[in-house]
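Residue strings, one per chain:
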2 protein chains.
Amino acid sequence: MVLKAARKPALGGQECDMSGWDGGNCPVRDVIDRIAGKWSTLLLEALSRRPYRFGELRRLVPDISQRMLTQTLRDLQRDGYVEREVFPTKPPSVEYRMTDLGRSLFEPLSKVLQWAEKNHPSVKAARAKYDESELA
Amino acid sequence: MVLKAARKPALGGQECDMSGWDGGNCPVRDVIDRIAGKWSTLLLEALSRRPYRFGELRRLVPDISQRMLTQTLRDLQRDGYVEREVFPTKPPSVEYRMTDLGRSLFEPLSKVLQWAEKNHPSVKAARAKYDESELA
DNA sequence: GAACGTTAGTCTCAAAAAGAGACTAGCGCT
DNA sequence: AGCGCTAGTCTCTTTTTGAGACTAACGTTC
């Protein structure tokens with residue numbers, strides 16, 4: 001795991017150069033920062049199941065604003081994770097579907113979601129413990 | 001994968017109830033929204049390698065503000081991913097180390113980071129293609 | 001012995017991002 | 001003729017983030 005565009009570590013595998021990080025020059029950050037948003041994961045999860053239209057996604061995730069839905073979909077499209085297809089009906093309908101690149105990303109990503117589901121109780125417990133010790 | 005606190009799906013495994021999502025009642029979102037930040041992943045990656053002190057982390061990630069470093073570390077600590085230990089020297093030094101829960105989260109998470117590193121070229125290519133078709 | 005650097009933050013103010021909701025256009029339905 | 005449907009965009013307000021000064025007590029330097 002190399003986090004900066006960097007020379008190979010002396011001894012292989014798990015080495016990771018973190019010295020001299022700058023946001024603009026780190027490939028991992030370049031990719032991660034885009035999918036790390038609150039909504040990206042959610043939309044990728046949805047689109048991993050089947051294609052959806054704009055309005056369907058909006059109804060699916062009731063607390064996203066139209067503005068952020070548009071913007072997040074554009075970002076995902078730009079990075080090659082989803083495709084946008086316009087059907088020239090009147091009014092036009094637009095379908096978003098996951099690409100192969102998107103699927104290949106979602107494979108490891110879904111493991112994190114599964115972790116989250118499984119370990120939610122532990123996290124809630126940790127929060128409770130922290131909050132209790134804080135107000136003391 | 002159940003994304004809402006929901007009844008078991010009729011046929012097991014890959015089923016996922018996304019109807020009637022509300023942010024506050026979805027365990028996966030509850031967990032993901034906290035680690036989805038721009039800085040969380042970065043700090044988890046660092047702390048997965050070894051414990052670090054506050055100032056070390058600040059130097060390691062030069063473009064994080066002290067404010068966000070404090071806040072992100074507190075969030076990670078609250079959710080049980082990192083521990084904070086104060087050494088009563090003068091001036092006091094504070095060490096942050098990853099917990100077992102944090103390590104168990106970082107296992108799938110690191111797969112996503114590896115994906116990002118590996119597929120950075122594809123993503124950059126997709127961006128270039130998108131940007132080109134946009135300005136046309 | 002006075003000035004400076006060190007520590008891990010907090011505080012304030014400015015800038016950027018996100019949320020809420022009105023508004024668009026063209027067609028079908030009643 | 002008026003209403004609703006579509007996928008957005010535009011504007012305004014609120015929230016989040018960033019930049020940087022400030023703290024306090026000690027060690028080192030001049």
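I will try to describe carefully the structure that is included in this document. (Residues numbered from 1 in each chain as written. Chains lettered and ligands numbered in written order. Predicted model: local features only at pLDDT ≥ 70, side-chain atom pairs only at ≥ 80, totals over all residues. Heavy atoms only, no water.)

**Observations regarding the protein's contact with DNA strand D**
The following threshold applies: The near set for a molecule or strand comprises every residue that places at least one heavy atom within 4 Å of it. Within 3.5 Å is the distance limit for a polar contact, defined as a pair of N or O atoms, with the added protein rule that one can donate a hydrogen and the other accept it, and that residues adjacent in sequence qualify only through two side-chain atoms. Only runs of H or I of at least four residues qualify as helices and only runs of E of at least two qualify as strands under DSSP, and these elements are numbered from the N terminus. Amino acids are sorted into nonpolar (Ala, Val, Leu, Ile, Met, Phe, Trp, Tyr, Cys and Pro), charged (Asp, Glu, Lys and Arg) and polar (every other residue, Gly among them).
Around DNA strand D sit 19 residues in total, of which A:R84, A:P91, A:Y96, B:R67 and B:M68 are the nearest. Sugar and phosphate atoms constitute 62% of the interface atoms of DNA strand D, taking the interface as everything within 4 Å of the protein. The separation between a phosphate oxygen of DNA strand D and a polar side-chain atom of A:R74 is 3.2 Å. Contacts to DNA strand D include A:R84, whose side-chain N or O atom sits 2.5 Å from a phosphate oxygen. The biggest single contributor to the surface near DNA strand D is helix 4 (residues 66-78) of chain A, with 4 residues. Considered class by class, the residues forming the surface near DNA strand D number 7 nonpolar, 5 polar and 7 charged.

**Notes on the pairing of strand 3 (residues 93-98) of chain A**
Residue and element names in this part refer to chain A. Definition in use: Relative accessibility under 20% of the residue-type maximum defines a buried residue, over 50% an exposed one, and the middle range a partly exposed one, all with a 1.4 Å probe and only protein chains included. Two strands are said to pair when DSSP picks up at least two bridges between them.
For strand 3, the buried fraction is high: 5 of the 6 residues fall into the buried class. Pairing of strand 1 (residues 52-53) with strand 3, which is carried by 2 bridges, proceeds in the antiparallel orientation. Looking across to strand 3, one finds that R53 is bridged to E95. Pairing between strand 2 (residues 82-87) and strand 3: 6 bridges, direction antiparallel. Among the inter-strand pairings, E83 is bridged to a residue of strand 3, identified as R97. If you look at the hairpin formed by strand 2 and strand 3, you'll find 5 residues sitting between the two strands.

**Side note on the relation of the copies chain A and chain B**
Note the threshold: Only residues with pLDDT of at least 70 in both copies count here: their C-alpha atoms drive the least-squares fit that superposes the copies. In this analysis, two residues are considered to be in contact whenever any of their non-hydrogen atoms come within 4.5 Å of each other.
Laying chain A over chain B is done by rotating through 180 degrees and shifting 0.0 Å along the axis; what remains is an RMSD of 0.0 Å. Look at the turn and shift together and you get a two-fold axis relating the two. Minimal C-alpha separation from the rotation axis in chain A is found for A:A36, amounting to 2.3 Å. Most of the interface of chain A is mirrored in chain B, where 100% of its interface residues are also at the interface.

**Details of the side chain of A:D79**
Inspection of the secondary structure puts A:D79 in the loop between helix 4 and strand 2. Judged by relative accessible area, which is 1%, A:D79 ranks as buried.

**A few points about the environment of A:R84**
All names here are of chain A. With respect to the helices, strands and loops of the structure, R84 is situated in strand 2. R84 sits in the partly exposed class, given a relative accessible area of 37%. Residues R84 and E95, spaced 11 residues apart in sequence, show a C-alpha to C-alpha distance of 5.8 Å. Dropping the residues within four chain positions of it, R84 is found in contact with R74, Q77, V94, E95 and Y96.

These results come straight from atomic positions and should not be treated as a statement about function.
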